[in-house]
Amino acid sequence: MKKIRKVLCTVLTGAMMFSMAACGSSSTSTTAASGGDKPATEAPATGGNATEAPKASGDVIKVGVVNNPPSESGYREANVKDMESVFSKENGYELKTSYSLKNDEQLQAAQGFITEGVDYLLVSAAETTGWDEVLKKAKEAGVKVYIFDRKIDVSEDLYEAMVISDMAKEGDAAVQWLLDQNLPEYNVIHIQGAMASDAQIGRTGALDKQFESGKMKKVVQQTATWDEAEAKKIVESVINSGEDFNVIYAENDGMAKGAVAALDEAGITHGVDGKVIVMGFDCNKWALRELLAKKWNYDGQCSPFQAQIISDLIKSGKAPESKIIINEEKFFDAKTITQEDIDTYGLGD
């Protein structure tokens, strides 16, 4: 009997210890789930469906940015710096970045960020198409997507917002300005950016309409993929062919700079009162100084500053009133630009 009592006591003691341990484990798990504080509350929506609240105060927000490389242009350098400045450790973010001009490499990087478990994926796509499957995977994984700088062709349910420039509007404004110059004829060298990018498609569209109508003549239409040296080669080739031209429409400032270098080497005048009208995009300060000196004629603005808008949306936990957020932009004419315009709107130094 004493043996039976001793065994029973041992069993009961062990059961009590197991019960206490289980309670301790349950308590620890609950604390971890609530972040050591009260659970997050659902954020209200603003003009649309509610989005999930951002992480609790003090938690690091993991952001993966897929972008074009800063070497692409002065615009892109400013864009990259803006992203790195806003999505910084000091502002509560853990930033991962990937840079490429190739769409397939960007897609691989995006998939990698999703696998790593970022909270938000930000994309400036090299091409407008091909993103459906990766963004579907992001949605399945609970990763929120913001498109910036350039739009892409995907269903609205795959992203939170697009914070972009209206590239077609930029092209329309530039071509309308050119038409307003009332030239007796338009013989155009058209230097395009990276093909199938939103910037190239938008800035090309309005000019193509003029070529198709016969109002303007396409001397050459060729991509330099945003590269200054390639743009110079294109213009040199036209000069060597002996074909007449009086307009250079370059889809960014760097390519316009390369084109002008070819003109200068050939002794061809350009800018206000010159033989050739020079047009660029992006509004780098150095390019706007060329307008002020009347060596160029036109520069279209493309704002690289989307990061703060996205950060504000993330931290608000609210859905934007519109999924498409367009940056307000201007253009500048060499005959009217001022030093104040350069100081206010110019990019870089």
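Use the structure listed above.
Reading the values: the criteria
- Residues numbered from 1 in each chain as written.
- Predicted model: local features only at pLDDT ≥ 70, side-chain atom pairs only at ≥ 80, totals over all residues.
- Heavy atoms only, no water.
- Buried < 20%, exposed > 50% of the residue type's maximum accessible area, 1.4 Å probe, protein only.
- Helix = DSSP H or I, 4+ residues; strand = E, 2+ residues; numbered from the N terminus.
- Pairing = 2+ DSSP bridges.
- Right-handed = clockwise from strand over helix to strand, strands pointing away.
- Core = buried A, V, L, I, M, F, W, Y, C linked by side-chain atoms within 4.5 Å.
- Contact = heavy atoms within 4.5 Å.
- Salt bridge = Lys/Arg side-chain N within 4 Å of Asp/Glu carboxyl O.
- Axes fitted to C-alpha atoms, helices over the stretch in contact; angles between N-to-C directions.

In terms of residue burial, strand β4 (residues 144–149) counts as a mostly covered element, since six of its six residues are buried. With four bridges joining them, strand β3 (residues 120–123) and β4 adopt parallel strand pairing. Among the inter-strand pairings, Leu 122 is bridged to a residue of β4, identified as Tyr 146. Once you follow β3 into helix α4 (residues 132–140) and on to β4, the crossover reads as right-handed. Examined bridge by bridge, β4 and strand β5 (residues 161–164) share four bridges and lie parallel to one another. Bridge pairing links Ile 147 to Met 162 in β5.

Turning to the nonpolar core, a few remarks are in order. Ile 189, Ile 191, Val 235, Phe 245, Ile 248 and Leu 263 are the most contacted members of the largest nonpolar core, which has 38 residues in total. Among the secondary structure elements, those contributing two or more residues to this core are β6 (187–192), β7 (217–223), α7 (228–241), β8 (247–250), α8 (253–266) and α9 (285–292). With six residues, the top contributor of residues to this core is α8. In this structure, Ile 191 is in contact with Gln 222, Ala 224, Ala 231, Ile 234, Val 235, Ile 248, Tyr 249, Ala 250, Glu 251, Met 255 and Ala 259, ignoring residues within four places of it in sequence.

On to the pattern of salt bridges. Within the structure shown, the criterion is met by 16 salt bridges. A salt bridge links Glu 265 to Lys 232, with the nearest nitrogen and oxygen atoms 3.2 Å apart. Separated by 33 residues along the polypeptide, Glu 265 in helix α8 and Lys 232 in helix α7 bring together distant segments of the chain.

Turning our attention to the sheet that holds β8. Ordered by their spatial adjacency, six strands build an open sheet running β7-β6-β8-β9-β10-β12, and the pairing between neighbours is mixed. Strands at the two margins of the open sheet, each flanked by one partner only, are β7 and β12 (331–333). Across the sheet, the mean angle separating the axes of adjacent strands is 15° when strand polarity is ignored. Sheet analysis places β6 next to β7, joined by six bridges and oriented parallel. If you follow Gln 192 over to β7, its bridge partner there is Thr 223. In this fold helix α5 (residues 167–180) packs onto β8, β9 (277–282), β10 (298–301) and β12, with an angle of close to 160° to the strand it touches most, β9. Along the sheet, α8 makes contact with β6, β8, β9 and β10, crossing β9 at roughly 155°.

Before going further, it helps to spend a moment on the sheet that holds strand β1 (residues 61–67). Spatial ordering of the open sheet is given by β2-β1-β3-β4-β5-β11, a layout of six strands whose pairing is parallel. Two strands lie at the open edges of the sheet, namely β2 (93–99) and β11 (324–326), each paired on one side alone. Mean inter-strand twist for the sheet, computed between neighbouring axes without regard to direction, equals 20°. The strands that helix α2 (residues 74–86) touches are β1, β2, β3 and β4; relative to β2, the one it contacts most, it runs at about 155°. In the packing of helix α10 (residues 307–316) onto the sheet, contacts are made with β1, β2, β3, β4, β5 and β11, and the angle to β4 comes to roughly 160°.

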